[in-house]
Every structure is written in C-alpha cells, then in structure tokens.
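Each chain is listed here by its residues.
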Amino acid sequence: MALKATIFKVTLNIADMDRHYYADHQMTLARHPSENDERMMVRLLAFALNASERLEFTRGLSSSDEPDLWQKSLSDEIELWIELGLPDESRLRKACSRSKQVKLYTYGGRSVSLWWEKNQAKLARFRNLSCVNFDPEATEQLAGLAQRAMNFQVTIQDGEVTFSNEHGLVALMPRTIGA
C-alpha cells in the first residue's frame, strides 16, 4: 500500500519590503512521504521569497516534469521555475529552456559546496538561472516550527528573511552562490 501525503494548513502574512509586496496567503501544503520537514519548510520559504498571486506549488516530488513551485503567465507560459535541493544539471538545463527565469534554492551544508564544485562550469552558461543557499542551522530551526496548522509572519528586509509565530522566530540570510 502506497503512503499518502501529509496535509498542512498554512497562513503566511508576508511583508516583503525589498519588493514592496504585502499580502496574506492561505494554502494547503502536501508533504510527500519521502519529504522531511526541512525540505517542506524550505519550499514554504521559497514561496515567501517569490510570493505573487500567480505563484503556485506543483506536484513537486510526484512529477519529474514540474518544479517545486512555478509561476505561469496568463497565456500559460512558465515565467518562473523554482527548484529545491541539489538537482542534476540536466534538470536545470531543461528548466532554463522552458522558463524565462529559474531559481534554485539549496540547503544542506557541506554537500552544497561539493555539488557546486561539480556543476559550476556547466551551470555558468545559463543566464536565466540564479542559485541561492540557506544556512543549514537556520533551515533546521525552520523545520522545528513545522506543525499541521501553521500561521507565520514573514518579513523580508535588506535580504534578511524572518519567519515568526507563537512558537518561535527564525532569521535567515539567503546567500547567492556562483555570483
């Protein structure tokens, strides 16, 4: 019998002063059986950093043809493709050919450096790709805030992201890699 996804109800109150974006987002988030709390919370973080009315979660791990998040135009063209983790170069190549902009959010400490050393030369040719890394301690703290029902205040200012709720506060400083 196949394992089923775990459902999370999330409210994000986003104040992104860097992009002048202020909105509340209520969503249902499905955590794939092979996904841990840290990865799920990084997905939520990626949503907050790129929030818009058209940004949406996809089938993610359940589909090899879709990213974790994407934003499509009204004519169904992919404007933004968001990947998480340490994907194969071929997956990022495919994403760069299908979307106007591709963002990769990495996490996981030392493995990110090793992955980057291996893939840096191949990825340098993609002008529409940006790579951002999160500190592993911060993403672990963020994972500690995961609950089946979550309500977060998210503030983004001068590049720093703060997730807070009644259970705690986590500050993250996304760092561009390969720039």
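Please refer to the structure higher up on the page.
Position numbers for residues start from 1 in each chain and track the written sequence from start to end. Local features in a predicted model are, by the rule used here, given only for residues with pLDDT of at least 70; side-chain atom pairs are given and counted only at 80 or more, and totals for whole chains, interfaces and linings are based on all residues. To obtain the side-chain values, all non-hydrogen atoms of the structure were included, while hydrogens and water were left out.

Asks: Just give me the short version of helix α2 (residues 89-98), but keep the residues and values in it.
Replies: Exposure is judged per residue with a 1.4 Å probe applied to protein chains only, and the accessible area is read against the type maximum: over 50% gives exposed, under 20% gives buried, and values in between give partly exposed. What counts as a helix is a DSSP run of H or I of at least four residues, what counts as a strand is a run of E of at least two, and both are numbered from the N terminus. Within α2 the residues assigned to the buried category are Glu89, Leu92, Ala95 and Cys96. An end-on view of α2 places all buried positions within 120° of arc, on one side of the element. Buried positions along α2 lie against β5 (78-84), β6 (99-106), α3 (110-123) and β7 (129-133). By definition, the arc is the one covered by directions from the helix axis to the C-beta atoms. In what follows, a contact means two residues having at least one pair of non-hydrogen atoms within 4.5 Å.

Asks: Tell me about the packing of aromatic side chains, and please be specific about residues and values.
Replies: Given two aromatic rings, their pairing is described by the distance between the two centres and the angle made by the two planes. Pairing of aromatic rings covers Phe, Tyr and the six-membered ring of Trp, with a centre-to-centre limit of 6.5 Å; geometry is then stacked below 30 degrees between planes, edge-to-face above 60, and tilted otherwise. The tally for this structure, following the rule as stated, stands at five aromatic pairs. An angle of 15° between the planes, with centres 5.4 Å apart, marks the rings of Phe47 and Phe57 as stacked. Residue Phe47 is found in helix α1 (residues 37-50), and its partner Phe57 is found in strand β3 (residues 55-57); the two are separated by ten residues along the sequence. Considered together, Phe47 and Phe57 belong to a single accessibility category, that of buried residues. On the numbers, 6.2 Å between centres and 40° between planes, the contact of Trp115 with Trp116 is tilted. For the pair shown, Trp115 and Trp116 are each scored as buried.

Asks: Go over the sheet that holds β3, please, and point to the residues and values.
Replies: Strands sit in the order β3-β4-β5-β6-β7-β11 across an open sheet of six strands; the sheet is mixed. The open sheet has two edge strands, β3 and β11 (175-177), and neither has a second partner. Here the average twist between neighbouring strands, direction ignored, is 25°. When β6 meets β7, the two strands line up parallel, connected through five bridges. Looking across to β7, one finds that Lys103 is bridged to Ser130. All axes are obtained by fitting lines to C-alpha atoms, using only the stretch in contact for helices, and the reported angles, taken between N-to-C directions, cover 0 to 180 degrees. Here α2 sits on the sheet and contacts β5, β6 and β7; the angle it forms with β6, its principal contact strand, is near 145°. What makes two strands pair is DSSP finding at least two bridges between them.

Asks: Which residues make up the sheet that holds strand β8 (residues 149-157), and what are the values?
Replies: Read from one edge to the other, the open sheet built from five strands follows the order β2-β1-β8-β9-β10, with strand pairing classed as mixed. The sheet terminates laterally at β2 (21-31) and β10 (168-172), the two strands that pair on one side only. Mean inter-strand twist for the sheet, computed between neighbouring axes without regard to direction, equals 20°. Sheet topology note: the strand β1 (residues 6-16)/β8 ladder contains eight bridges and is parallel. Each bridged residue has a counterpart across the sheet, and for Ala15 the counterpart in β8 is Thr155. Lying over the sheet, helix α4 (residues 136-143) contacts β9 (160-165) and β10, oriented at roughly 150° with respect to β10.

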